[in-house]
Amino acid sequence: MTISPCSAELPGTFGEAMPFLCKGAVITLQATLGGSVLAIAIALPVGLMAMSHRGAVRAVARVYMEFFRGTSVLVQLFWLYYAMPILTGFQLDKSFAGILALGLNLGAYGSEVVRGAVRSVSRGQREAAIALNFSPYHRMRYVILPQAFIGMIPPMNNLLIELLKATSLLSVITVADLTYQGRLLVNSGSDQLIVFALLLLIYFLFSYLITLIMRFVEGRAARMVGRDGPQGRPRRAWRSPRPRRPVPSVEIPSVEIPSAETPSVEGAR
Amino acid sequence: MIRFDKVVKRFGDLTVLRELDFHVRPGERVTLIGPSGSGKTTILRLLMTLERVTSGTIDVDGQCLSHMKRGDRLVPADERHLRRIRKKIGMVFQQFNLFPNMNVLRNITEAPVRSLGVPREQAEEKARELLEMVGLADKALEHPSRLSGGQQQRVAIARALAMEPEVLLLDEVTSALDPELVSGVQDLLRDIAHRGDLTLLCVTHEMRFAKDISHRVLMFDQGRIVEDGPPEQIFSEPAHQRTREFLQAVLDA
């Protein structure tokens, strides 16, 4: 019989904690997903706006980026959840306020990623597209962006992990996420060490999951532009087992030992 | 077809073209030669609207490249005006610049489909004919990165021709190729050139090739035309000391 990791029948502290932590983990995942979608949906247009040849458009993008990068997510969260109702009389749902704050904040960082990736596409590509009389929109859509996409993935991976971890701030406005549930368990007497260890583990698993997904996407994107994916040369370099050289054998004082046998250490056979 | 009138191009403090005047007739094939930095490539880039003139005007088919009429006034050209003129001009680059996110066939069909509105099937049919012509019919579904430099450049030529330009600009198209691949590309261009009707502007350091394809050779130095004449004359009895020196240096290399 298999027991679900969220089961209350797990032994000791685990049985006590896991049902609550699982509930919190779902909320954390939802917030991460919502925040990611929003952040990416913001990053793409704002990143492109930041490169517009119209000064006013650039200015709007810059103001947004600087403002949301330059202020704390937590404070933004307070504004959206506590201060907004006072100013506008409109109370946001707390999960929604959380997702909004995360999306806006990480979207600002993401815009910078998009801008950098688009600028890194070689000038020759843009010029070839002009020479073929593509419209500015088609240039971006069919030539530049598909090539820029692959460059966005590794920094986006970082941002999404940042976003995952930042969801723990939602516990401050009493969203019942993973961190909130963990704190609650500890306050009601569960073993601190085990609960906090579980929190670490779950956050880590989620962030690793994000990395795996992004690696997969990167591999697909790389193949589309005919390049090696993340499994390409740089990684293979440290992954492949180094050929074991019988280095130590040189160090062995070879006076006593017949020289013919010295190099034959296990690795060399 | 193409007229340069007192064209000046400066990059910062550097003056690349100094009051340049010249004229290319429809169907004429002109080769631009001269030391590097003499402004040859800049001329092609200005025509392709990759750069803007500092002063002076360029006309293509009677239309001004940099300005357009709005009412009675001349205003800087907008994107639509530029695209109308670009339609007549194609360019092949030294570095090929094939799109790595598309296979060979898509590289050729994408522009006709997106910017001319040709139906995809028709564009593909045309592309396959062009690939046949450049000798790469079997590479249609290959990825550009799997082709040799020479093959990539031939695809780039097919891609430019798919837009049916009236003027084709060749910017040192064999300079980035391994020596043994140069002749294949040159033979192809020779065929295309001798088919007629295309107006050709070609920047090259391959003097034999220049001689084969062009009606006229312009020798540039320091942003000016030093000598202008048929290839036979320029290559066998150049009138100017500067041309003689240049040809000497190129032929010795």
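Residues numbered from 1 in each chain as written. Chains lettered and ligands numbered in written order. Predicted model: local features only at pLDDT ≥ 70, side-chain atom pairs only at ≥ 80, totals over all residues. Heavy atoms only, no water.

A.B. asks: Help me understand the UniProt feature "domain: ABC transporter" (unreviewed entry) in chain B in this model?
C.D. replies: Mapped onto this numbering, the UniProt entry gives "domain: ABC transporter" (unreviewed entry) at residues 2-247 of chain B. Helix makes up 38% of residues 2-247 of chain B and strand 28%, with an end-to-end C-alpha separation of 27 Å. (UniProt positions renumbered as here; feature names shortened; annotations may be inferred. Helix = DSSP H or I, 4+ residues; strand = E, 2+ residues; numbered from the N terminus.)

A.B. asks: Before we go on, may I ask you to explain the sheet that holds strand E4 (residues 55-60) of chain B in this structure?
C.D. replies: Residue and element names in this part refer to chain B. Strands sit in the order E2-E1-E4-E5 across an open sheet of four strands; the sheet is antiparallel. Each having just a single partner strand, strand E2 (14-24) and strand E5 (63-64) make up the two edges of the open sheet. Here strand E1 (residues 2-11) pairs with E2 via seven bridges, running antiparallel. Note on E2: the bridge partner recorded for isoleucine 2 is valine 24. (Pairing = 2+ DSSP bridges.)

A.B. asks: How do you make sense of the state of the cysteines when you look at a structure like this?
C.D. replies: Each disulfide is one covalent bond, formed between the sulfur atoms of two cysteines. Residue and element names in this part refer to chain A. Evaluated as defined, the whole model comprises one disulfide over all chains. Paired by a disulfide, cysteine 6 and cysteine 22 hold their sulfur atoms 2.0 Å apart. Judged by the torsion about the S-S bond (-85 degrees), the cysteine 6/cysteine 22 disulfide is left-handed. One end of the pair, cysteine 6, is in the segment before helix H1 (12-49); the other, cysteine 22, is in helix H1, with 16 residues separating them in the sequence. (Disulfide = S-S within 2.5 Å.)

A.B. asks: Would you mind showing me how to read the packing of aromatic side chains here?
C.D. replies: Across all of its chains, the model carries seven aromatic pairs over all chains by this definition. For the pair Phe78(A) and Tyr82(A), a centre-to-centre distance of 5.9 Å together with 40 degrees between the ring planes defines the contact as tilted. In this pair, Phe78(A) and Tyr82(A) are both assigned in helix H3 (residues 73-88), four residues apart and thus about one turn of the helix distant. Aromatic pair Phe4(B) and Phe22(B): ring centres 4.6 Å apart, planes at 20 degrees, arrangement stacked. Residue Phe4(B) is located in strand E1, and its partner Phe22(B) is located in strand E2; the two are separated by 18 residues in the primary sequence. Overall, the relative accessible area of 2% leaves Phe4(B) in the buried class. Here the aromatic residues Tyr64(A), Phe67(A) and Phe68(A) are joined through ring pairs into a cluster of three or more. When the ring centre of Tyr142(A) is taken as origin, the NZ or CZ atom of Arg114(B), which lies over that ring, is 3.7 Å away. Across from the ring centre of Phe99(B), 4.5 Å away, lies the NZ or CZ of Arg159(B), which sits over that ring. (Phe/Tyr/Trp six-rings, centres within 6.5 Å; stacked < 30°, edge-to-face > 60°. Buried < 20%, exposed > 50% of the residue type's maximum accessible area, 1.4 Å probe, protein only. Lys NZ or Arg CZ within 6 Å of the ring centre and 35° of its normal.)

A.B. asks: Would you mind going over a negative patch on the surface with me for this structure?
C.D. replies: Taken together, the side chains of Glu121(B), Glu125(B), Glu129(B) and Glu132(B) make up a negatively charged region of the molecular surface. Glu121(B) gets classed as exposed once you look at its relative accessible area, which sits at 71%. (Patch = residues over 30% accessible without salt bridge, like charges linked within 9 Å, V, L, I, M, F, W, Y side chains within 5 Å. Areas by Shrake-Rupley, 256 points an atom, 1.4 Å probe, with all protein chains shown as cover. Salt bridge = Lys/Arg side-chain N within 4 Å of Asp/Glu carboxyl O. Lys, Arg positive; Asp, Glu negative; His and termini not counted. Charge placed at Lys NZ, Arg CZ, Asp CG, Glu CD.)

A.B. asks: I'm lost on the pairing of strand E6 (residues 67-70) of chain B in this one. Help?
C.D. replies: Where a strand is regular, its side chains alternate between the two sheet faces. Residue and element names in this part refer to chain B. With four bridges connecting them, E6 and strand E7 (residues 73-76) associate as antiparallel partners. Counted as the bridge partner of arginine 70 is arginine 73 from E7. Hairpin geometry of E6 and E7 is characterised by an intervening segment of two residues between the two adjacent antiparallel strands and by a positive phi of about 65 degrees at glycine 71.

A.B. asks: Just to check I follow, could you spell out empty space enclosed by the protein for this structure?
C.D. replies: Where empty space is left becomes clear once a probe the size of a water molecule has been rolled over the atoms. Enumeration according to the criterion identifies three cavities of 30 Å³ or more in this entry. Space inside the largest cavity adds up to approximately 80 Å³. In terms of lining residues, the largest cavity is bounded by 14 residues, among which Ala131(A), Leu132(A), Gly90(B), Ala160(B) and Met163(B) are the most central. Residue assignment for the lining of the largest cavity shows that the elements contributing at least two residues are helix H5 (123-131) of chain A together with strand E8 (89-92) and helix H5 (149-162) of chain B. Here the lining of the largest cavity is built from residues that sort into nine nonpolar, two polar and three charged. Along its surface, the second largest cavity is lined by Ala39(A), Ile40(A), Ala43(A), Leu106(A), Gly110(A), Met156(A), Leu159(A), Leu160(A) and Leu163(A). In the lining of the second largest cavity, the residues fall into eight nonpolar, one polar and no charged. (1 Å grid on protein atoms, 1.4 Å probe; cavity = no way out; pocket = protein on both sides within 12 Å on 5 of 7 lines; lining within 4 Å. Points joined across faces, edges and corners; volume = space filled by probe spheres on them. Nonpolar A, V, L, I, M, F, W, Y, C, P; charged D, E, K, R; others polar.)

A.B. asks: What's the story with the environment of Val217(B) in this structure? I'm lost.
C.D. replies: Residue and element names in this part refer to chain B. Relative to the helices and strands, valine 217 is located in strand E11 (residues 216-221). When its relative accessible area of 0% is taken as the criterion, valine 217 is described as buried. Distance in space between the C-alpha atoms of valine 217 and threonine 31 is 4.8 Å, their sequence separation being 186 residues. Look past the residues within four positions of valine 217 in its chain and what remains in contact with it is Thr31, Ile33, Glu227, Asp228, Gly229, Pro231, Ile234 and Phe235. (Contact = heavy atoms within 4.5 Å.)

A.B. asks: How do you make sense of the side chain of Glu127(A) when you look at a structure like this?
C.D. replies: Along the chain, Glu127(A) turns up in helix H5. Accessibility expressed as a relative area gives 9% for Glu127(A), which makes it buried. A polar atom in the side chain of Glu127(A) sits 2.7 Å from the side chain of Arg45(B). In contact with Glu127(A), not counting residues within four places along its chain, are Arg45(B), Leu50(B) and Phe93(B). (Polar contact = N/O pair within 3.5 Å; in protein donor to acceptor, adjacent residues only side chain to side chain.)

A.B. asks: Explanation requested: the UniProt feature "transmembrane region" (unreviewed entry) in chain A in the structure shown.
C.D. replies: Listed under "transmembrane region" (unreviewed entry) in the UniProt record, and renumbered for this structure, are residues 27-51, 63-84, 96-118, 159-181 and 193-217 of chain A. In the segment residues 159-181 of chain A, helix accounts for 52% and strand for 0%; the C-alpha atoms at its two ends are 24 Å apart.

A.B. asks: Whenever I open this one, the UniProt feature "domain: ABC transmembrane type-1" (unreviewed entry) in chain A confuses me. Can you help?
C.D. replies: Following the UniProt record, one finds the feature "domain: ABC transmembrane type-1" (unreviewed entry) at residues 25-214 of chain A. Summarising residues 25-214 of chain A: 82% helix, 0% strand, and an end-to-end C-alpha distance of 20 Å.

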